[in-house]
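These are the residues of each chain, in order.
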Amino acid sequence: MTSPSPFAICSSRVITAGGVQDRAVVVRNGTIEAVMHRGDLASGFVIEDVGDLVVMAGLVDTHVHVNEPGRTEWEGFETATKAAAAGGITTLVDMPLNSSPVTTTVDALQKKISAAQGKLWVDCGFHAGLIPGNARQIPPLIEAGVLGVKAFLIHSGIGEFPDATERDLREAMPHIARAGIPLLVHCELQTPNLQPQTSSSPITHDLSPKTSSSPITPNLQPQTSSSPRSYSSYLSSRPRTWEHDAIQLMIGLCMEYNCRTHIVHLSSADAVPMVRDARKNKLPLTVETCPHYLYFCSEDITDGDTSLKCAPPIRERENRERLWDALRSGEIDFIVSDHSPTTPELKLMKEGDFQRAWGGIASLQFGLPIIWTEARKRNFDMTDVARWMSQRPAELVGLNGRKGKIEKGYDADLVVWNPDASFTVEPSMILHRHKMTPYEGKKLFGKVEKTFVRGMNVFDRGSISDRPRGKVLLRTEK
């Protein structure tokens, strides 16, 4: 794959380590050669002047369910990475589920890598999965180049990916700690007195994809007498205490093993003081949240709108505002999509059944405008967005020094966007596999104009490159 000729992108709003500056970003051989005053550019240099459009490091999304191989009818590398490119994402990291096989062995990882060949419009890394009985698989997976290890403390809904026990965590964490990579944890622990369905007896039904041999458990919450269309019933079935108990467990294990521990998709702001106290003890603990927890609130979700079912659930308005406060204080480190699409049939939109519908939000293409739309209302600026969505996710998976900043020596992964332009989300513009998202019809600010992956233009004002430019990222590669 050849790189384009050397060139420079100039803008009055380049987001650098020094803030928003009028600069020229010089790109040569896929990397940033220099960031300089445009007046210092050599004469005859190929220049692309984008005026006052924002030039920012490409987004790094470390929480994406691509689902290929095995459930490509849900999503796949080609559709996911095209959607990513259109959204200004230049690097994504694939979760070890909901593909089949799940990425819990080196053989499964190799199948994943093979499936991605020739289908990547942006760069892509992979997380391994920790499930009961596979702790011995973690060292070879680390050696093979995974960027992190993912575990659930509650059944994932995928029969091949049950929840890890404390014993499993204790067996795996020393290996993960030695490697210095993060353990990413879905933090929900079921409260015993609620008597939910458990992972030892998953619900199986006729909604399982025909291409998968493992059962699907769309959600694991107690059955109640109220209407299955009731969002408030679904919300109460997965209380904040489930998150708190799980996070408390992980803080204790993080302290014991000094293992980098990352809390994925935090939804409960009540857990933030626990994070604050852990940080005071210098624990290597990081936290993410997602656009849907920062945009929506439970009071506005109508009964039967299963497009907004996810786990943990979207909570109350006051909780949403406290999540924004935690981003301001730095107690939540960054924002990633948790793009978890499925087929329209599994979302059960006609039935509106929150008990049986698959839980997951499709939003990969729209993360930047979703967050900018809400951030600008709360007096955040573009440098905050760059920190939350580019720099800090790259740091989580060891890509700092290479991804997530506009600095000399970094990959020339760039997004050019207009923070003042608005648009309405319409199905016709959606590039992920199914044209279904709860953001349909929403007016968003922050329009992506161009995306560059290692200096190559993969998205240009509505048009996707006709050639895949992305590559597989493995930890073993320098």
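Residues numbered from 1 in each chain as written. Predicted model: local features only at pLDDT ≥ 70, side-chain atom pairs only at ≥ 80, totals over all residues. Heavy atoms only, no water.

**Some remarks on the overall build of the protein**
Tallying secondary structure elements over the protein gives 12 helices and 17 strands in all. Whereas a compact globule of 478 residues would reach a radius of gyration of roughly 23 Å, the protein reaches 21 Å, a difference of no more than 12%. Dimensions along the principal axes, computed over C-alpha positions, put the protein at roughly 70 × 45 × 45 Å. Counting every position in the protein, which comprises 478 residues, the buried fraction comes to 61%. By element, 48% of the accessible surface of the protein is carried by carbon and sulfur atoms, the whole surface being about 17,200 Å². (Helix = DSSP H or I, 4+ residues; strand = E, 2+ residues; numbered from the N terminus. Rg over C-alpha atoms; globule rule 2.2 N^0.38 Å. Buried < 20%, exposed > 50% of the residue type's maximum accessible area, 1.4 Å probe, protein only. Areas by Shrake-Rupley, 256 points an atom, 1.4 Å probe, with all protein chains shown as cover.)

**Let's talk about the nonpolar core**
Counting residues in hydrophobic clusters, the biggest one holds 108 residues, and the most contacted among them are Met56, Phe126, Leu130, Leu169, Leu183, Met250 and Trp388. Discounting residues that sit within four places of it in the chain, Leu169 has contacts with Leu130, Ala151, Leu153, Leu183, Met250 and Leu253. Val14, Ile32, Val55 and Ala412 belong to the second largest nonpolar core, which has 16 residues in total. (Core = buried A, V, L, I, M, F, W, Y, C linked by side-chain atoms within 4.5 Å. Contact = heavy atoms within 4.5 Å.)

**Here we look at the sheet that holds strand S9 (residues 148-152)**
Read across the sheet, 8 strands follow the order S6-S7-S8-S9-S10-S11-S12-S13 without closing on themselves; strand pairing throughout is parallel. A strand with exactly one partner marks an edge of an open sheet, and here the two such strands are strand S6 (59-64) and strand S13 (334-335). Judged from the 4 bridges that link them, strand S7 (residues 89-94) and strand S8 (residues 123-130) form a sheet pairing that is parallel. The residue of S8 that forms the bridge with Thr91 is Asp123. Here helix H12 (residues 382-396) sits on the sheet and contacts S6, strand S10 (183-186), strand S11 (261-263), strand S12 (285-289) and S13; the angle it forms with S6, its principal contact strand, is near 60°. (Pairing = 2+ DSSP bridges. Axes fitted to C-alpha atoms, helices over the stretch in contact; angles between N-to-C directions.)

**Describing the packing of aromatic side chains**
Applying the stated criterion across every chain yields a total of 15 aromatic pairs. A centroid spacing of 6.3 Å and a plane angle of 80° characterise the contact between Phe77 and Phe126, whose relative ring orientation is edge-to-face. In this pair, Phe77 sits in helix H1 (residues 77-86) while Phe126 sits in strand S8, placing the two residues 49 residues apart along the sequence. The class for Phe77 is buried, based on a relative accessible area of 0%. Relative to Phe354, the ring of Tyr234 has its centre 5.9 Å away and its plane inclined at 15°; by these criteria the two rings are stacked. Remark: Phe354 occurs in the loop between helix H10 (344-347) and helix H11 (367-377) and Tyr234 occurs in helix H5 (residues 231-237); sequence separation between them is 120 residues. A residue is classified by how much of its surface remains accessible, and Phe354, at 1% relative accessible area, is buried. In this structure an aromatic cluster arises from ring pairing among Tyr231, Tyr234 and Phe354. (Phe/Tyr/Trp six-rings, centres within 6.5 Å; stacked < 30°, edge-to-face > 60°.)

**Describing the environment of Thr424**
Along the polypeptide, Thr424 turns up in strand S14 (residues 414-424). Taking the C-alpha atoms as reference points, Thr424 and Met382, 42 residues apart in sequence, are found 21 Å from one another. If sequence neighbours within four positions are ignored, Thr424 has contacts with Met429, Gly441, Lys442 and Lys443.

**Points about the pattern of salt bridges**
Going through the model one piece at a time under the given rule, you end up with 35 salt bridges. For Lys450, the salt bridge goes to Glu48, with nearest N and O atoms at 3.1 Å. Here Lys450 is found in strand S15 (residues 443-453), whereas its partner Glu48 is found in strand S4 (residues 47-49), with 402 residues between them in sequence. Assessed through its relative accessible area of 6%, Lys450 is described here as buried. Among the residues examined, Glu48 registers a relative accessible area of 25% and is labelled partly exposed. The closest approach of N and O atoms between Glu243 and Arg315, which form a salt bridge, is 3.2 Å. Here Arg315 lies in the loop between helix H8 (291-295) and helix H9 (317-329) and Glu243 lies in helix H6 (residues 240-257), a separation of 72 residues in the sequence. (Salt bridge = Lys/Arg side-chain N within 4 Å of Asp/Glu carboxyl O.)

**A look at H6**
Counted at 1.5 Å a residue, the expected span for H6 with its 18 residues is 26 Å, and the 26 Å between its end C-alpha atoms agrees. Among the residues of H6, those classed as buried are Arg240, Trp242, Glu243, His244, Ala246, Ile247, Met250, Ile251, Leu253 and Cys254. Taken from the residues just after H6, Asn258 is the one with a positive phi, measuring 50°. (Expected span 1.5 Å × (residues − 1).)

**Comments concerning the environment of Glu374**
Mapped onto the elements of the fold, Glu374 is located in helix H11. In sequence terms Glu374 and Leu294 are 80 residues apart; their C-alpha atoms lie 7.6 Å from each other. Side-chain polar atoms of Glu374 contact the side chain of Lys377, separated by 3.0 Å. (Polar contact = N/O pair within 3.5 Å; in protein donor to acceptor, adjacent residues only side chain to side chain.)

**Describing the environment of Glu188**
Here Glu188 lies in the loop between S10 and H5. Judged by its relative accessible area of 0%, Glu188 is buried. Between the C-alpha atoms of Glu188 and Arg13, which are 175 residues apart in sequence, the distance is 41 Å. Looking at Glu188, its side chain comes within polar contact range of the side chain of His186, at 2.8 Å. At 2.9 Å, the side chain of Glu188 forms a polar contact with the side chain of Arg238.

**Structural notes on helix H7 (residues 272-280)**
For H7, every residue scored as buried is listed here: Val272, Met274, Val275 and Ala278. Down the axis, H7 shows its buried residues gathered within 155° of arc, on one side only. Those residues of H7 that are buried are in contact with H6, S12 and H9. In the stretch just after H7, Lys282 is the one whose phi turns positive, near 65°. (Arc of directions from axis to C-beta.)

**Section: the pairing of strand S5 (residues 54-57)**
Where strand S1 (residues 7-16) lies against S5, 2 bridges are found, and the strand directions are parallel. Across the sheet, the residue bridging to Val14 is Val55, located in S5. Pairing of S5 with S14, which is carried by 4 bridges, proceeds in the antiparallel orientation. Its bridge partner being in S14, Val54 is matched across the sheet by Trp417.

**Notes on the confidence of the model for the protein**
Of the residues in the protein, 91% reach a pLDDT of 70 or more, and the chain-wide mean stands at 92. Counting contacts from residues 193-214, a segment whose pLDDT is below 50, to residues more than four positions away or on other chains yields 48 contacts. When the criterion is pLDDT under 50, residues 219-225 qualifies, and its contacts beyond four places in sequence or with other chains add up to 29 contacts. (pLDDT = per-residue confidence, 0-100.)

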